[in-house]
Amino acid sequence: MLSVDAGADRVVPPTGFTARLTVFTAGAMAFLAVFALALSLASGRLASNWRDALAGSATLRISAPVAQLPAQTERALKILSETPGVAEARALDPDEQRALLEPWFGPDLPVESLPVPQLIEVRETGAGYDGAGLRLRLQAELPGAVLDDHTRWRKPLISAAGRLKLLGWLSIVLIFGTMGAMITLAANAALAANAQVIQVLRLVGATDTYIARAFVRRFTLRAAMGAGVGVLAGLLAVLLLPGASSEASILTGLRFQGSHWFLPLLVPLLAAVVAFAATRYAAMRVLGGLR
């Protein structure tokens with residue numbers, strides 16, 4: 001269907017609004033597809049980072065009067081050391097707790113003079129520990145201790161990142177669907193504008209396959225060219241975005257990483273496939289109606 005035929009190419013006007021519409025639509029949709037792909041991949045990385053960073057960890061928070069806090073901390077560490085499934089437990093020092101509070105209260109927070117709860121970082125083994133049993137023991141021996149395994153807020157974050165990833169892929173599907181619809185309209189307009197030329201070609205013996213091939217070839221090449229320009233513009237825009245930060249924020253991690261930089265190069269190919277299918281459908285439909 002895309003075989004080179006200079007004579008067939010003359011059937012389709014080389015200029016006009018259909019040419020500009022096809023190239024612009026393919027370029028704009030390809031540009032948006034690059035960002036949708038970047039968003040989807042970044043969301044997947046973000047969900048994986050959150051899952052890996054918090055997997056197998058928990059935090060024990062001890063609230064007690066300042067005079068009793070050291071003794072309760074020692075008691076909590078002893079309980080954790082005796083708990084099957086706990087690989088490591090250590091109390092955070094004032095500097096580490098200050099670093100945790102710095103984003104909200106600034107770097108000069110006097111942690112030592114404030115009734116800040118003592119935090120203990122808990123790492124579990126591969127088998128894990130009995131969270132319900134540990135909570136019951138802590139409640140009996142240390143009423144001011146609260147075990148947080150991060151599940152309450154970790155799952156919603158991972159779920160939100162997963163839905164954002166799904167939304168990115170859905171956006172790509174809608175983008176290519178819109179591209180196909182616009183190219184179908186452009187092909188319909190070009191075929192209708194050349195109705196008289198098509199009738200003359202039939203009179204001289206041209207088959208509908210020959211005529212359709214001319215339109216399919218021209219619109220497929222236009223779409224591929226426009227998508228190629230759109231992808232290059234999209235990659236340049238993504239390259240100008242900030243790289244991933246240590247906080248793994250979705251707003252600073254939209255750049256492609258590693259081999260993912262080659263994935264946008266598939267967009268022009270997909271655009272060509274969409275244009276091929278859309279134009280072929282339009283050509284067969286319009287040519288059938290002109291008989």
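A quick note: this is a predicted structure, and the numbers were derived from the prediction, not measured.

## Thoughts on the environment of Leu241
With respect to the secondary-structure elements, Leu241 resides in the loop between α8 (208–239) and α9 (266–289). Residue Leu241 is classed as partly exposed on the basis of its relative accessible area, which comes to 24%. Residues Leu241 and Leu254 lie 13 residues apart in sequence; the distance between their C-alpha atoms is 7.1 Å. In this structure Leu241 touches Phe35, Leu254 and Arg255, once residues within four positions along its chain are discounted.

## Things to note about the side chain of Thr220
Here Thr220 is to be found in helix α8. Under the relative-accessibility criterion, Thr220 is labelled buried at 4%. In terms of polar contacts, Thr220 uses its side chain to reach the backbone carbonyl oxygen of Val216, at 2.6 Å.

## Describing the sheet that holds strand β1 (residues 57–62)
Taking strand neighbours across the sheet as the criterion, the four strands line up as β2-β3-β1-β4 in an open arrangement whose pairing is antiparallel. Strands with a single pairing partner mark the edges of an open sheet, and in this sheet they are β2 (86–91) and β4 (145–148). Here the average twist between neighbouring strands, direction ignored, is 20°. Sheet topology note: the β2/strand β3 (residues 118–124) ladder contains five bridges and is antiparallel. Among the inter-strand pairings, Arg90 is bridged to a residue of β3, identified as Glu121. Of the strands in this sheet, β1, β2 and β3 are in contact with helix α3 (residues 69–81), which crosses β3 at around 5°.

How each quantity is defined
Residues numbered from 1 in each chain as written. Predicted model: local features only at pLDDT ≥ 70, side-chain atom pairs only at ≥ 80, totals over all residues. Heavy atoms only, no water. Helix = DSSP H or I, 4+ residues; strand = E, 2+ residues; numbered from the N terminus. Buried < 20%, exposed > 50% of the residue type's maximum accessible area, 1.4 Å probe, protein only. Contact = heavy atoms within 4.5 Å. Polar contact = N/O pair within 3.5 Å; in protein donor to acceptor, adjacent residues only side chain to side chain. Pairing = 2+ DSSP bridges. Axes fitted to C-alpha atoms, helices over the stretch in contact; angles between N-to-C directions.

Bear in mind that shape data such as this cannot, by itself, settle questions of function.
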